[in-house]
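Coordinates in review
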Amino acid sequence: MIENFSDKVIFNFFFILILNSTLFYILNLFILKKNLFVDIKNFSSHKQLINSDAVPISGGIIILLNSLFFNFFNNTFNQFLIFGVFIIGLLADIQKLNSPLKRLTFQLIVIFIFVLINELFIKSIRIPIFDFYLNYNLVSIIFTSFCFLILLNGSNFIDGSNLQCSGYYFAILTILLFLNTKVDVDNIEIVYVLYPTLLSFIFFNFFNKSYLGDGGSYLLSFIIGFILIHFHLNQNVSPYLIVLFLWYPAFENLFSILRRLFSKNLRPDRPDLLHLHHLLFQFINAKYQLKKYLKFSIAGIVINSYNLVIFYVGSFFIYSTTKLLILIFISVSIYLATYFLLLNKLKLMND
């Protein structure tokens, strides 16, 4: 019976991988031919830095199609809500929803309803004073919604270049599959579908042939956030396992805002080229003669390989808050040390 199950999983993996790779190829040709949902580089210094070619924003569309076809959430209203999450990002991609405040408002409405109807109430962060208030459903709903909001926008922050966002969540899915060999991971069926889907996107994204876009980064982080919160609630794993999995987009968001607030030359609401992946790209750019998008892809592989190692170590301590907090502290410390080391090296190289 186990062998039959394994054979079925392997068959489904290759079927979904081939299916989505084919869909990506066809959809990309269609988008370029019709000039629909093509990345608009004039609006972003991030995108101009990678490449000047027209690139289809097809990643989010394919992920959405998979979520609808495979019925990720077993509920029509839930499907409508995740479609709403995607549409908010898609409107931003095509420059129809440029106001950050409006995007946050629409996101919060959709997230709040989703958290409420699915009873995704985080009741404990293992700090007694906070846990006391989290026992009130309204407080818990607000807190969980806020976590989703940070996750979606943090994921969009790290989606500034190839393999950053998709590679990060691919690493999380890899560890979830590993964890499922030891403990039941809730909604593992979604992981089995999303894993080959994301792998097919990563192939096209590596060669700069497809982008997630805001819609894709919002949708991908929303789905995985749902899986992780369910895993925490139903298996009683430490909430700091979820923090460990999601620390990078959240911290990148926070660090970027603080960095801009304390800079005289930067505005908190404006993008810049001083993220960790940009510094790593500049370092690789100075060392190797490759196409720009390949250098960004390499930067993404380096960052997410490190995160995969941290996730793997954390997977052995899923119930230990203390050990997980130590790993989070190590991750943040290494991030900051690497960031300032690269910043100083690049200043010396440019002097």
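For the structure given in this document, a descriptive report is provided here. (Residues numbered from 1 in each chain as written. Predicted model: local features only at pLDDT ≥ 70, side-chain atom pairs only at ≥ 80, totals over all residues. Heavy atoms only, no water.)

1. What about the overall build of the protein chain?
In terms of helices and strands, the protein chain carries 14 helices and zero strands. In the protein chain, the succession of α and β elements from N to C terminus is α-α-α-α-α-α-α-α-α-α-α-α-α-α. What you see for the protein chain is a C-alpha radius of gyration of 20 Å, in line with the 20 Å of a compact globule of 351 residues. Each principal axis of the C-alpha atoms in the protein chain carries an extent, and together these give about 55 × 45 × 40 Å. Considering the protein chain as a whole, with its 351 residues, one finds that 50% of them fall into the buried category. Pairs at least 24 apart in sequence give 74% of the contacts found in the protein chain among residues at least 6 apart. (Helix = DSSP H or I, 4+ residues; strand = E, 2+ residues; numbered from the N terminus. Rg over C-alpha atoms; globule rule 2.2 N^0.38 Å. Buried < 20%, exposed > 50% of the residue type's maximum accessible area, 1.4 Å probe, protein only. Contact = heavy atoms within 4.5 Å.)

2. Some remarks on the nonpolar core
Residues F148, Y169, I172, L176, L198, I223 and F245 are the most contacted members of the largest nonpolar core, which totals 97 residues. The biggest single contributor to this core is helix α10 (residues 213-235), with 11 residues. When near neighbours in sequence (up to four residues on either side) are disregarded, I223 contacts I63, S67, F72, F73, I190 and L194. (Core = buried A, V, L, I, M, F, W, Y, C linked by side-chain atoms within 4.5 Å.)

3. Structural notes on the packing of helix α3 (residues 59-69) against helix α9 (residues 188-206)
Their axes nearest at 10 Å, the elements α3 and α9 cross at an angle of 160°. Considering their axes alone, α3 and α9 lie roughly antiparallel with respect to each other. Seen from above, α3 lies across α9 with right-handed handedness. Contact with α3, carried on its side by G59, I62, I63 and N66, involves V193, L194, T197, L198 and F201 of α9 and no other residues of that element. Split into classes, the residues belonging to the contact of α3 with α9 amount to six nonpolar, three polar and no charged. (Axes fitted to C-alpha atoms, helices over the stretch in contact; angles between N-to-C directions. Parallel < 35°, antiparallel > 145°, perpendicular 65-115°, else oblique. Left-handed = near helix turned anticlockwise from the far one by under 90°. Nonpolar A, V, L, I, M, F, W, Y, C, P; charged D, E, K, R; others polar.)

4. Overview of the packing of helix α7 (residues 137-158) against α10
In contact at an axis separation of 8 Å, α7 and α10 are set at 140° when each is read in the N-to-C sense. Our classification of the angle between α7 and α10 gives oblique. Seen from above, α7 lies across α10 with right-handed handedness. Contacts from T144, F148, L151, L152, N153, S155 and N156 of α7 reach α10 at D214, S217, Y218, S221, F222, G225, F226 and I229. A class-by-class count of the residues in the contact of α7 with α10 yields seven nonpolar, seven polar and one charged.

5. A short note on the environment of V302
Inspection of the secondary structure puts V302 in helix α13 (residues 292-314). Each C-alpha atom of the pair V302 and L280 lies 9.0 Å from the other, and the pair is 22 residues apart in sequence.

6. Quick notes on the side chain of S67
Looking at where S67 falls in the secondary structure, it is placed in helix α3. Overall, S67 belongs to the buried group, its relative accessible area being 0%. Ignoring any residue separated from it by four or fewer positions in sequence, one finds S67 in contact with F72, Q79, I82 and I223.

7. With respect to the side chain of S221
Relative to the assigned elements, S221 resides in helix α10. In this structure the side chain of S221 is engaged in a polar contact, spanning 3.0 Å, whose partner is the backbone oxygen of Y218. (Polar contact = N/O pair within 3.5 Å; in protein donor to acceptor, adjacent residues only side chain to side chain.)

8. Side note on the environment of D184
The topology assignment puts D184 in the loop between α8 (164-179) and α9. Sequence spacing of D184 and S99 is 85 residues, and the spatial spacing of their C-alpha atoms is 41 Å. Residues in contact with D184, not counting those within four places in the same chain, are F231 and Q235.

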